[in-house]
Amino acid sequence: MVTFIIGLVILFVGAALYSKLCEHVFGPDDRQTPAYYKGDGVDYVPMRGWKNSLINLLNIAGTGPILGPIQGILFGPIAFITIPIGNVIGGAMHDYFCGMICLRDGGTQMPDMIKKYSNKGIYAVYNVFLCLLLLLVGAVFVYTPGDIAATQVFGRTGAIDDWATWVIYGVIFLYYLIATVFPIDAIIGRIYPIFGAILLFSAVGVFVGIFAHQYPLLEVWDTPWVSDTFNYSDYFGTVFGNGGTGGEAYKAVGGHFLPVFFVTVACGILSGFHSTQTAIISRTMKSERQGSYTFYWMMILEGFIAMVWAAGAMGVYNLGLQPVDASKATAAVGVVCKDILGGIGGTIAILGVIVLPVTSGDTALRSLRMSLADTFHLEQKSNGKRMMLAVPVFILVAAIIVWAKMDINGFNTLWRYFAWSNQTLSLFAFLCITVWMFENGKAQWCWIPLIPGAFYSFICSSYIANASIGFHLPWNIAYIVGVCFMVFYVAALVVYGKKRAARVLK
């Protein structure tokens, strides 16, 4: 458990220091925010700082910081170190600068930010990529909370032929439609404090329970990483196998912690999806000085949630309470909650887990509606016009869910594309942050976005080069592809950033 505590210290102490650096580099001031000078009573609405922070946390924290770490901890206690380090210098920094740049640029959404700080070609690619990702997010965040609710709360099968499955999906869809169309303070601003209370009970309850129940957690210096029930050292060099229940079910392929771990544990470390959500909150901020705790620290709290669930999963795996099967991460949620908090408390905690994807899915679809409206210059002041744009989006999401439910491998394929595209989207954001620094006389700080940008350009390109959902190349070739793309990405950004800076000076 010492490694877990060290990881928490890295997370919170690192955040206290690095958030100050990010704030110093950006330089927030007292200028009027777009919530006031663009106020429309729908999307541009000034809201209190605590409410913005809570909404942002619930927007960004889906099932990623729960299901990802539950699977990622199978790589061993190294996850307790990599999650906080990546979060502090990657994910939280990404969220802070995306939110603040959109705020200062008038509450722009990410497509407009990409358009401003890149070129037409990148902007076109990003728009297509973004729409596909947000559709996937909407589908995944109906599917996963719906299935968790069906199986863990109502005791149903969650199968395609169970009528209760579709009723639960329908209720979530109805809420999404309301939250997508109506003014942000009318629905999201009112209901999120209730969701937040359930979420906090869930995360804090599991955290306290890990210590109270003295869950057996391995240390990073233990060699090998082996419990009575599972060999983490063997899994460190594996990819997901055939869905069996023991270490023998996973085929060793030579140590591919990079990139598999960092795609698996996406949202607790870094998520490109977050840039679309911080952009929404940039329209409701009262002051730029609220940015650090609204954007940076809410991602740190997501990292904390990821750490808690990673530890909880390792505990139940080591106690033999849950079969070691990466494909059954949702089942591990119920085991952790009910073992730690009992029947009633565990059910409430499970509701907190359901809250996370629901409160990300609604704003994902809201963000897609806003991005499409901005891209095609569609006026969105009336409920009718917002509904006309939202309905086709929901039809597409419904079609994806039906396909995923009907195909035996549908959801697994959907989730892998979602995880990879989520990380890849962050590369566009790092591009914008870097160019923004060059244009605003902060070129000496460009290493801040370039370090995680370089790392994830390697992760994303090498993963898709090897993956069965990608090009299925051998690992040695995939790694070469990853290194080449990483070098190209960094070099192109520096060259382009310098050109943009020279243009501004003229």
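Details of the structure are given in the entry above.
Residues numbered from 1 in each chain as written. Predicted model: local features only at pLDDT ≥ 70, side-chain atom pairs only at ≥ 80, totals over all residues. Heavy atoms only, no water.

Participant: Can you break down the nonpolar core residue by residue, with the values?
Facilitator: Formed by 169 residues in total, the largest nonpolar core has its most connected members in Phe97, Trp309 and Tyr317. Apart from residues no more than four positions distant in its own chain, tyrosine 317 is found in contact with Ile70, Ile73, Leu74, Thr229, Tyr232, Gln322, Pro323, Val324 and Ala332. (Core = buried A, V, L, I, M, F, W, Y, C linked by side-chain atoms within 4.5 Å. Buried < 20%, exposed > 50% of the residue type's maximum accessible area, 1.4 Å probe, protein only. Contact = heavy atoms within 4.5 Å.)

Participant: Hey, could you go over helix α17 (residues 447-466) for me, with residue numbers and the actual values?
Facilitator: Taking 1.5 Å as the rise per residue, α17 with 20 residues should run 28 Å; its terminal C-alpha atoms sit 28 Å apart, in good agreement. With 17 of 20 residues buried, α17 is to be regarded as a mostly interior element. (Helix = DSSP H or I, 4+ residues; strand = E, 2+ residues; numbered from the N terminus. Expected span 1.5 Å × (residues − 1).)

Participant: Lay out the pattern of salt bridges with the relevant residues and their values.
Facilitator: This model, assessed by the stated rule, comprises 10 salt bridges. Aspartate 29 serves as the salt-bridge partner of arginine 104, at 3.7 Å between the closest nitrogen and oxygen. Pair noted here: arginine 104 is in helix α5 (residues 79-104) and aspartate 29 is in the loop between α1 (2-26) and α2 (34-37), with a separation of 75 residues, a long-range link. Taking relative accessible area as the criterion, arginine 104 reaches 22% and is therefore assigned partly exposed. The partly exposed category is assigned to aspartate 29, whose relative accessible area is 22%. (Salt bridge = Lys/Arg side-chain N within 4 Å of Asp/Glu carboxyl O.)

Participant: Give me the lowdown on a nonpolar patch on the surface, citing residues and values where you can.
Facilitator: On the surface, a cluster of nonpolar side chains totalling about 430 Å² of accessible area is made up of Ile5, Val9, Val13, Leu17 and Phe211. Residue contributions to the nonpolar patch peak at four residues, all from α1. You can see phenylalanine 211 is positioned in helix α9 (residues 188-212). (Patch = residues over 30% accessible without salt bridge, like charges linked within 9 Å, V, L, I, M, F, W, Y side chains within 5 Å. Areas by Shrake-Rupley, 256 points an atom, 1.4 Å probe, with all protein chains shown as cover.)

Participant: Give a description of the state of the cysteines that names residues and reports values.
Facilitator: The final tally for this structure, using the stated rule, is zero disulfides. Residue cysteine 446 stays outside any disulfide, its sulfur separated by 14 Å from that of cysteine 22, the closest cysteine. Free of any disulfide, cysteine 484 has its nearest cysteine sulfur in cysteine 460, 16 Å distant. (Disulfide = S-S within 2.5 Å.)

Participant: Explain the environment of leucine 414 residue by residue, including any values.
Facilitator: Mapped onto the secondary structure, leucine 414 falls in helix α16 (residues 410-439). For leucine 414, a relative accessible area of 2% corresponds to the buried category. Aside from chain neighbours lying at most four places away, what touches leucine 414 is Leu136, Ala139, Val140, Ile400, Trp403 and Ala404.

Honestly, that's just the spatial picture; any functional story needs more than this.
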